[in-house]
Amino acid sequence: MPNKNLVSNIGFGQLAENTMDANSVFSNIPLEEITDIVHPKFMVPEKEADHLILTREFKPIFDYLKKHNSLRRRFKRWFWAIVRVK
């Protein structure tokens, strides 16, 4: 992930559909060039940041729990647990 801004968004202004404020902080970020590319020797995952983005953007845990704990599924798990014991 570069530390410098490499892209300029030109979609700000009155004719824009979602970003109408031309004075927005994000509208006039200056472009910079990459001079040296330094690759890291190793990467460490940011587990807390990854989990936060995953739960905020995709909400997979709640969908999984709803699907996993539906009455029909709970009954099937209960039924097969009893059948396997005998």
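Just so you know, these numbers come straight off a predicted model, no measurement behind them. What you see as residue numbers is a count from 1 along each chain, following the sequence as written. Local features in this predicted model are restricted to residues of pLDDT 70 or higher, and side-chain atom pairs are both shown and tallied only at a pLDDT of 80 or more, whereas totals for entire chains, interfaces and linings draw on every residue. Excluded from the side-chain calculation are hydrogens and water; included are all heavy atoms of the structure.

Re the overall build of the chain
Across its full length, the chain carries three helices and zero strands. The buried label goes to any residue with under 20% of its type's maximum accessible area, the exposed label to any with over 50%, and the partly exposed label to all in between, with areas taken from a 1.4 Å probe on protein chains only. When the 86 residues of the chain are sorted by exposure, 5% land in the buried category. Long-range pairs, those at least 24 residues apart, make up 35% of the contacts in the chain with a sequence separation of at least 6. Here a strand is any run of E in DSSP of at least two residues, a helix any run of H or I of at least four, and the numbering for each starts at the N terminus. The contact rule is simple, with two residues in contact once any of their heavy atoms fall within 4.5 Å.

Topic: a nonpolar patch on the surface
Here a patch means residues that are over 30% exposed by relative accessible area and free of salt bridges, tied together within 9 Å if like-charged and within 5 Å if nonpolar (Val, Leu, Ile, Met, Phe, Trp, Tyr). Note on areas: Shrake-Rupley, 1.4 Å probe, and residue coverage restricted to the protein chains presented here. Salt bridge, as used here: a side-chain nitrogen of Lys or Arg that lies within 4 Å of a carboxyl oxygen of Asp or Glu. A grouping of Phe75, Trp78, Phe79, Trp80, Ile82 and Val83 is seen on the molecular surface, where their side chains present a nonpolar patch of about 610 Å² in accessible area. Tracing the backbone through its elements, the reader meets Phe75 in helix 3 (residues 71–85).

A look at the confidence of the model for the chain
The quantity known as pLDDT measures the predictor's confidence residue by residue, on a range of 0 to 100. Chain-level pLDDT for the chain is 78 on average; 84% of the residues reach the 70-or-more range. Highest mean pLDDT in the chain belongs to helix 1 (residues 47–57) (85); lowest belongs to helix 2 (residues 60–68) (62).

Quick notes on the packing of aromatic side chains
Two rings from Phe, Tyr or Trp (for Trp, the six-membered ring) form a pair when their centres are within 6.5 Å of each other. A pair whose planes differ by under 30 degrees is stacked, one over 60 is edge-to-face, and the rest are tilted. All chains considered together, the criterion is met by three aromatic pairs. Both rings, one in Phe75 and one in Trp78, keep their centres 5.5 Å apart while their planes meet at 40°; by these two values the pair is tilted. One end of the pair is Phe75 and the other is Trp78, both in helix 3 and three residues apart, which spans about a single turn. Pairing Phe75 with Phe79 gives two aromatic rings, centres 6.4 Å apart and planes at 20°, and the pair type is stacked.

Structural notes on the environment of Pro2
With respect to the secondary-structure elements, Pro2 resides in the segment before helix 1. Under the relative-accessibility criterion, Pro2 is labelled partly exposed at 49%.

A word on a positive patch on the surface
A cluster of basic side chains, namely Arg72, Arg73, Arg74, Lys76 and Arg77, defines a positive patch on the protein surface. Considering the arrangement of structural elements, one finds Arg73 in helix 3. Residues scored as charged are limited to Lys and Arg (positive) and Asp and Glu (negative), so that His and the chain ends carry no count. All charge positions are set by atom: Lys at NZ, Arg at CZ, Asp at CG, Glu at CD.

Some words on the environment of Val38
Positionally, Val38 belongs in the segment before helix 1. Residue Val38 is classed as exposed on the basis of its relative accessible area, which comes to 73%. Put simply, Val38 and Pro2 are 36 residues apart on the chain and 9.9 Å apart in space, counted from C-alpha to C-alpha.

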